[in-house]
Amino acid sequence: MTHLQAAEQAARQAGTLLRENFHRSKDIDEAHHHDVKLALDRKSQDLITKVLLDAFPDYALYGEEGVAGKEDASMQWIVDPIDGTVNYLYSIPHFCISIALRERDREDIVMGLIYDPMLDELWTVEKGGTPLLGGKPVACSQRTTLEESILFVGCGKDEEAMAAGLARFERASTRARKMRMMGSAALGMAYIASGRLDAYIESRISLWDVAAGILLVESGGGKVDLTPHPSIPDTWSVVATNGRIPIEEIL
């Protein structure tokens, strides 16, 4: 079994679990002002973990719901079992499963997969290859100006991140065709990679949210600029574009 085959098997099994429970009441493990953790987050990651580590037992797995496998392994799966948990809780069908594979020594993402189980849309990419949606090649849009573009914006959850996000939103919204806040960073990146959106900006995001999306966007002709958080590991501000819109016009 290849890396991509294992990741697709894991994502589709988790997607079935999430679809089956989409209209049912959901158990909340943790509730915060701006976020929640569902029992299904954990169940989805457990299912994904079993599939991936059964196929590759010498690998590590780093996910939003914890770590597993051989933690010091050079190959590391990076998993978000439900990206868009709040959407999922409120029965908004805009969420996904994100799986990436990283060579830790080189800090290099070598495979990415994003799966939207409600639309049965599957994005896949391997390093050096072409991003695929449903097995067919896709690419970032050809749009070159902010005036014809749609931007996806996230604002973060603390005051500093929120302030930065809102300021960017205000600057860009006067020029962009439309601005969107949709609640799933990974799907936003997949949409850029396939030409549906033109840029994504967020002032604080975690590795598992964007790992697969980074490779998808860059392989599709786009650009991703990450600025590490000064004190929180594997956390960045992100600017992703189709590679044609000037970043300075967004920031």
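The structure reproduced in this document is the subject of the present report.

Thresholds applied
- Residues numbered from 1 in each chain as written.
- Predicted model: local features only at pLDDT ≥ 70, side-chain atom pairs only at ≥ 80, totals over all residues.
- Heavy atoms only, no water.
- Phe/Tyr/Trp six-rings, centres within 6.5 Å; stacked < 30°, edge-to-face > 60°.
- Helix = DSSP H or I, 4+ residues; strand = E, 2+ residues; numbered from the N terminus.
- Buried < 20%, exposed > 50% of the residue type's maximum accessible area, 1.4 Å probe, protein only.
- Lys NZ or Arg CZ within 6 Å of the ring centre and 35° of its normal.
- Contact = heavy atoms within 4.5 Å.

With that settled, the discussion passes to the packing of aromatic side chains. Inspection of the entire model under this criterion finds nine aromatic pairs. For the pair Phe22 and Phe95, a centre-to-centre distance of 5.9 Å together with 25° between the ring planes defines the contact as stacked. Of the two residues, Phe22 sits in the loop between helix H1 (3–21) and strand E1 (28–31) while Phe95 sits in the loop between helix H3 (85–89) and strand E6 (96–103), which places them 73 residues apart along the sequence. In this structure, Phe22 and Phe95 share a single accessibility class: buried. On the numbers, 4.8 Å between centres and 75° between planes, the contact of Tyr88 with Phe95 is edge-to-face. Residue classification places Phe95 among the buried positions, given a relative accessible area of 0%. Aromatic rings pair up to connect Phe22, Tyr88 and Phe95 into one cluster. Across from the ring centre of Phe22, 5.7 Å away, lies the NZ or CZ of Lys26, which sits over that ring.

Our next topic: the environment of Tyr88. Mapping Tyr88 onto the fold places it in helix H3. Sequence-wise, Tyr88 and Gly183 are 95 residues apart; in three dimensions their C-alpha atoms are separated by 9.9 Å. Leave out the neighbours within four places in its chain, and Tyr88 touches Leu17, Leu18, Asn21, Phe22, Lys26, Leu38, Leu40, Ile82 and Phe95.

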